[in-house]
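A closer look at the structure
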Amino acid sequence: MKWLTAGVRRASTKASTHGISTNKTPLIRNILLASGSAAIATLSWKYYQINDSQTELSREYFTKYHISKKYAIDQNHFLVQLTPLKPQRVNLWKEMNSSKLWSVEVMQPQIMVVRNYTPLPLKIDDNNSVEVLRDGENADGTLTFYIKQYTQGEVARWINRLPLGHVVELRGPFVEYEFPENVDEVKRDRSFLWGNQDNANSNFKYQPFDILFFTGGTGIVTLLQMTLTESPFRGKIGVYHSCRSLSELGPLHALLTKLEDNKRIELRINESKEKYTSFRSNATALLKSIPPPYPYNGTEPFKTVNSKLEPVQALVCGPDGFISTVSGPIYDTTQGPIKGILGSLGWNNANVYKLS
Ligand SMILES: Cc1cc2nc3c(=O)[nH]c(=O)nc-3n(C[C@H](O)[C@H](O)[C@H](O)COP(=O)(O)OP(=O)(O)OC[C@H]3O[C@@H](n4cnc5c(N)ncnc54)[C@H](O)[C@@H]3O)c2cc1C
C-alpha cells in the first residue's frame, strides 16, 4: 500500500505546483483536489488488485513459474520443480488435502496447447534428495511433477528440454475427483515420512472408508498426491501398480515403500520388463486378489480401524490401454461402462471412476 499513498500525494503536489485553482475559491479547489485524488486512488487500487491477483495460481489466467530443479531418472522419466515468480499465499496442500485429486495445466506457447500434470507435495534439495512438504508448508507455492516423455509427444518432451530458470505458465488447480469430506474430521498423522513414530490414528471422529487404486505408469502420481499430502487419506488403499520397471520411479520408489511399510497402502506391483511379473501373465492371481465392492454407508461415527481391506470405491488411472484392461475404455466425455477385470468382478459405474 506504500506506493498507493505515494500516488495520492504526488497527485496533490502536481495540482498545487501547476496552480490549477489559485484564482478559484478554496471550496472548488478542494472539490477538484479531492475528486482527482479519489479517481487516482481508485485506479491505483484496481491496478493493485489485478496485478496482485494475477500472481496467484488461478483457473482464469496463466501464472508464471520458473524451472527451479530438474532430476533425470532415466531416458523417459524425470522430476521437475516449478517455482512461482511471485510467492503464493494460498497453501494448496492444506486447501485440497487428500479429499481432492487435482492437476494444473502447463502451456506450451509455441503450439499454444496445454497439458495437465499432477503436482506432488515435494521439494527437491540441492543434493537431489526429495523431501515431503510438512503441515503448513507450501514452499512459496513450488510444485514438483513426475513426468514421462513420449517419443512422439509434444509437451512432456518440450518441458524436459527446457533449461533451469526458463519461465513456464501454469493454470489451475483443476479438481479431477473429490471424495466426501467431513470438515471437522481430525488430520491423519504422517510423521513416518520424516522417520518418526506415527501418533495413533484411532482418534478419528468418523469411520474411514477403504478404496482400491489401479495405476499404470505415471498414473501413480495421483495415488502419491493423496497419500503424501497434508491430512492424507484415512482409509486403507489396495494399490495395483503396473509399470515397465520400478526403477523408472526414481526417488518416488522409496516413498512408495515407506507408505507400504507404514500400512498406508497394500501394494501389488507388476513390472512388464519380465514376462513372468507382467500384469497380463499374472491376470489369474490378480483376479483372485481383488476384493468385491463393499457398500458405502455414508458418514458414520468412528468405530475401529478394520484390519481387512473393504473397498467401497475403485479408481483407475493410467494410459488408455491400461484403463481399458482394468475397467473398460474411457471416452472423451463419458466414463463408459465398467468392463475389463473390475467389470468381471461385479464392480460397476456406481463404484468405479476412471481418471484419464
Ligand atoms: C488430469 C491429468 C493429470 C496428468 N498428470 C500427469 C503427470 O503428472 N505426469 C505425466 O507424465 N503425465 C500426466 N498426464 C498426461 C499429460 O497430460 C500428457 O497427456 C502427457 O504428458 C503426453 O503429452 P505430450 O504432449 O507429451 O504428448 P502428445 O503430443 O499428447 O502425444 C503424442 C503421442 O505420444 C504418445 N503418448 C502420449 N501419451 C501417452 C500415454 N499416456 N501412453 C502411451 N503413449 C502416449 C502417443 O504416441 C501419442 O500419439 C496427466 C493427464 C491428465 C488428464
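The chain carries the name WGS project CCBQ000000000 data, contig 00011 in an unreviewed UniProt entry, which gives Kluyveromyces dobzhanskii CBS 2104 as its organism. Its UniProt record gives the chain a comment under Sequence similarities (unreviewed entry), which states: "Belongs to the flavoprotein pyridine nucleotide cytochrome reductase family."

**Concerning the domain arrangement of the chain**
Here the domain parsing of the chain yields domain 1 (63–178) and domain 2 (191–354). Averaged C-alpha coordinates put domain 1 and domain 2 at centres separated by 23 Å. Taken residue by residue, the interface counts 30 residues in domain 1 and 25 residues in domain 2. Between domain 1 and domain 2 the total buried area reaches about 2400 Å² when both faces are included, carbon and sulfur atoms providing 66% of it. At the surface where domain 1 touches domain 2, the tally comes to zero salt bridges. Residue assignment for the side of domain 1 that touches domain 2 shows that the elements contributing at least two residues are strand E2 (77–84), helix H3 (92–96), strand E3 (100–108), strand E6 (130–132), strand E7 (143–148) and strand E8 (167–178). Along the lines of polarity and charge, the residues of the side of domain 1 that touches domain 2 split into 16 nonpolar, six polar and eight charged.

**As for the site of the ligand**
Taken together, 19 residues surround the ligand, and among them Arg115, Asn116, Tyr117, Tyr146 and Val155 come closest. One of the backbone nitrogen or oxygen atoms of tyrosine 146 is found 2.9 Å away from a nitrogen atom of the ligand. Measuring from an oxygen atom of the ligand, one finds a backbone N or O atom of valine 155 at 2.8 Å. With the chains in place, 67% of the 940 Å² that the ligand exposes on its own is no longer accessible. Structurally, the ligand is housed in the largest pocket. For the shell around the ligand, the secondary-structure elements that each account for two or more residues are strand E4 (113–117), E7 and helix H4 (155–161). Here the shell around the ligand is composed, by residue class, of eight nonpolar, seven polar and four charged. Taken domain by domain, the makeup of the shell around the ligand includes at least three residues from each of domain 1 (63–178) and domain 2 (191–354).

**Points about the UniProt feature "binding site: FAD" (unreviewed entry) in the chain**
The residues that UniProt annotates with the feature "binding site: FAD" (unreviewed entry) are Arg115, Tyr117, Lys148 and Val155. These residues run over 41 residues, yet every pair of their C-alpha atoms falls within 12.5 Å of each other. Lining residues of the largest pocket, restricted to the annotated ones just named, are Arg115, Tyr117, Lys148 and Val155. Checked against the element boundaries, arginine 115 lands in strand E4. Apart from the residues within four sequence positions on either side, arginine 115 is in contact with Val104, Glu105, Val106, Glu154 and Val155. Within the secondary structure, valine 155 is located in helix H4.

**Topic: unusual backbone geometry**
Residue proline 173 is bonded to the preceding glycine 172 through a cis peptide linkage, with omega at 0 degrees. Phi at asparagine 97 takes a positive value of approximately 35 degrees, unusual for a residue other than glycine. By the secondary structure assignment, asparagine 97 is in the loop between H3 and E3. Given a relative accessible area of 12%, asparagine 97 falls into the buried group.

**Some remarks on the sheet that holds E3**
Here we have six strands laid out as an open sheet, ordered E4-E3-E8-E1-E2-E7, and antiparallel in their pairing. The sheet is open, and its two edges are formed by E4 and E7, each paired on a single side. Strand after strand, the sheet turns through a mean of 40 degrees between neighbouring axes, direction not considered. Two strands pair when backbone bridges link them, and E3 and E8 are joined in this way by seven bridges, in the antiparallel orientation. The residue bridging lysine 100 from the neighbouring strand is glutamate 178, located in E8. Most of the contacts of helix H5 (residues 220–228) go to E3, to which it runs at about 125 degrees, and overall it touches E3 and E7.

**Here we look at the nonpolar core**
Counting 40 residues, the largest nonpolar core has Tyr146, Phe179, Ile211, Phe213, Ile237, Leu252 and Leu256 as its most contacted members. Per-element tally for this core: the top contributor is H5, with six residues. For this core, the two domains that each supply at least three residues are domain 1 (63–178) and domain 2 (191–354). Apart from the residues within four sequence positions on either side, isoleucine 237 is in contact with Ile211, Phe213, Leu223, Met226, Thr227, Arg264, Ile265, Glu266 and Leu309. Residues Trp93, Val104, Leu143 and Val155 belong to the second largest nonpolar core, which totals 24 residues.

**Concerning the environment of arginine 89**
Relative to the helices and strands, arginine 89 is located in the loop between E2 and H3. What makes arginine 89 exposed here is its relative accessible area of 61%. The spatial distance from the C-alpha of arginine 89 to the C-alpha of asparagine 138 is 8.6 Å, given a sequence separation of 49 residues.

**A word on helix H6 (residues 252–261)**
All of the buried residues in H6 are Leu252, Leu255, Leu256 and Leu259. Buried positions in H6, seen along its axis, are confined to an arc of 100 degrees and lie on one side of it. On its buried face, H6 is in contact with E2, strand E5 (122–124), E6, E7, H5 and strand E11 (265–271).

Cut-offs applied
Residues numbered from 1 in each chain as written. Predicted model: local features only at pLDDT ≥ 70, side-chain atom pairs only at ≥ 80, totals over all residues. Heavy atoms only, no water. UniProt positions renumbered as here; feature names shortened; annotations may be inferred. Domains from an automatic or database assignment. Contact = heavy atoms within 4.5 Å. Buried area = accessible area lost by both parts, 1.4 Å probe. Salt bridge = Lys/Arg side-chain N within 4 Å of Asp/Glu carboxyl O. Helix = DSSP H or I, 4+ residues; strand = E, 2+ residues; numbered from the N terminus. Nonpolar A, V, L, I, M, F, W, Y, C, P; charged D, E, K, R; others polar. Near = heavy atom within 4 Å. Polar contact = N/O pair within 3.5 Å; in protein donor to acceptor, adjacent residues only side chain to side chain. Areas by Shrake-Rupley, 256 points an atom, 1.4 Å probe, with all protein chains shown as cover. 1 Å grid on protein atoms, 1.4 Å probe; cavity = no way out; pocket = protein on both sides within 12 Å on 5 of 7 lines; lining within 4 Å. Sits in = over half its atoms within 2 Å of the grid points. Buried < 20%, exposed > 50% of the residue type's maximum accessible area, 1.4 Å probe, protein only. Pairing = 2+ DSSP bridges. Axes fitted to C-alpha atoms, helices over the stretch in contact; angles between N-to-C directions. Core = buried A, V, L, I, M, F, W, Y, C linked by side-chain atoms within 4.5 Å. Arc of directions from axis to C-beta.

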